[in-house]
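So the chains spell out like this:
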Amino acid sequence: MRIITGSAKGIKLCTLEGDATRPTSERAKEALFSMIQFDIEGRRILDLFAGSGQLGLEAVSRGAAFCMFTDASPDAISIVRKNIEKTHFVDKCKTAIADYRNFLRKSEGREGFDIVFLDPPYASDALTDALFRIYKTKLMRHGCLLVCESESGDMRIFEKEPMLAGMYRSVKKKNYGRVHIEILTPCEEYYNNDGTENE
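Residues numbered from 1 in each chain as written. Predicted model: local features only at pLDDT ≥ 70, side-chain atom pairs only at ≥ 80, totals over all residues. Heavy atoms only, no water.

Peer 1: I'd love a proper account of the packing of helix 4 (residues 100-107) against helix 5 (residues 126-137), names of residues and values included.
Peer 2: Closest axis-to-axis distance for the helix 4/helix 5 pair is 9 Å, and the angle between their directions is 10°. On the basis of the axis angle, helix 4 is roughly parallel to helix 5. For the pair formed by helix 4 and helix 5, the contact residues are Y100, R101 and L104 on the first element and A126, D129, A130, R133, I134 and T137 on the second. Of the residues contributing to the contact of helix 4 with helix 5, the split by class is 5 nonpolar, 1 polar and 3 charged. (Axes fitted to C-alpha atoms, helices over the stretch in contact; angles between N-to-C directions. Helix = DSSP H or I, 4+ residues; strand = E, 2+ residues; numbered from the N terminus. Parallel < 35°, antiparallel > 145°, perpendicular 65-115°, else oblique. Contact = heavy atoms within 4.5 Å. Nonpolar A, V, L, I, M, F, W, Y, C, P; charged D, E, K, R; others polar.)

Take a look at the structure:
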């Protein structure tokens, strides 16, 4: 596993041994970043289920200004920190050992994000649950993109949870082997609920 392009191109990243995490394949990662390649420069990133941190680090390598990495596993965050050092992005990254629900709850009212990577374990319901919770936190900046990864055989996001269709709209979606990538953005009502945007 390596950084594909940008300032850290070619640097090999550390990964956790065993089945505790499921790194995004290089093919799927290339496809994912081709979908958002013009939306990364200068942006603030949240890698909510960080694993090894490869998605957030790829974004920083491509010009993102900052990335927050969170994961419930101390071992995963230890690997993320090693990879941050390997890529020399210490000044552009922060980490937190935190379950996504606790992190989102504590993030309400703080500075928001432009891109959120959501790549939870496939067997869980964490993706749809996280989308509901993110909407409530008001941490999405105007035009925020939520990059969601799930199994291709799984029900699509809005089919699984129809209420989400009133919160987000789908911007792009594609299948790459067993991986389904869908990019969402909040509906305009999100920014108009209290008459202000979360900057």
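Peer 1: Got a sec to walk through the packing of aromatic side chains? Specific residues and values, please.
Peer 2: Summed over all chains, the structure comprises 5 aromatic pairs. Ring geometry for F33 and F117: centres 5.8 Å apart, planes at 55°, overall tilted. A residue pair is termed long-range when its members are at least 10 positions apart, and F33 in helix 1 (residues 26-36) and F117 in strand 4 (residues 113-118) qualify at 84 residues. Comparing F33 with F117 shows no difference in burial state: the two are buried. Of the aromatic side chains, those joined through ring pairs into one cluster are Y135, Y168, Y190 and Y191. In this structure, K138 packs its charged tip against the face of Y135, placed 6.0 Å from the ring centre. Positioned above the aromatic ring of Y190, the side-chain terminus of K138 is 4.1 Å from the ring centre. (Phe/Tyr/Trp six-rings, centres within 6.5 Å; stacked < 30°, edge-to-face > 60°. Buried < 20%, exposed > 50% of the residue type's maximum accessible area, 1.4 Å probe, protein only. Lys NZ or Arg CZ within 6 Å of the ring centre and 35° of its normal.)

Peer 1: I'd like a rundown of the pairing of strand 7 (residues 179-186), residues and numbers included.
Peer 2: Along strand 7, 8 of the 8 residues are buried, which leaves the element largely enclosed by surrounding structure. By the alternation rule, side chains of strand 7 split into V179, I181, I183 and T185 and H180, E182, L184 and P186, which are all buried. Summarising the sheet, strand 5 (residues 140-151) and strand 7 pair through 6 bridges and their orientation is antiparallel. In the strand pairing of strand 7, L146 is matched with L184. Where strand 6 (residues 168-176) and strand 7 come together, 8 bridges link them in antiparallel fashion. Following the sheet pairing, R169 is matched in strand 7 by T185. Joining the antiparallel neighbours strand 6 and strand 7 is a turn of 2 residues, in which G177 adopts a positive phi near 65°. (Pairing = 2+ DSSP bridges.)

Peer 1: Explain helix 3 (residues 74-87) to me, using residue names and the numbers behind them.
Peer 2: For helix 3, with 14 residues, the first-to-last C-alpha span of 20 Å sits near the 20 Å given by 1.5 Å per residue. The complete set of buried residues in helix 3 reads A76, I77, I79, V80, N83, I84 and T87. Down the axis of helix 3, the smallest arc covering the buried residues is 155°, so these residues share one side. Exposed side chains of helix 3 directed beyond 90 degrees from the buried face belong to D75 and E85. On its buried face, helix 3 sits against helix 2 (54-61), strand 2 (66-71) and strand 3 (93-97). Two or three places before D75, at the start of helix 3, stands the capping residue S73, its side-chain oxygen 3.3 Å from that residue's backbone nitrogen. Directly after helix 3, the chain includes H88, whose backbone phi takes a positive value near 60°. (Expected span 1.5 Å × (residues − 1). Arc of directions from axis to C-beta. Polar contact = N/O pair within 3.5 Å; in protein donor to acceptor, adjacent residues only side chain to side chain.)

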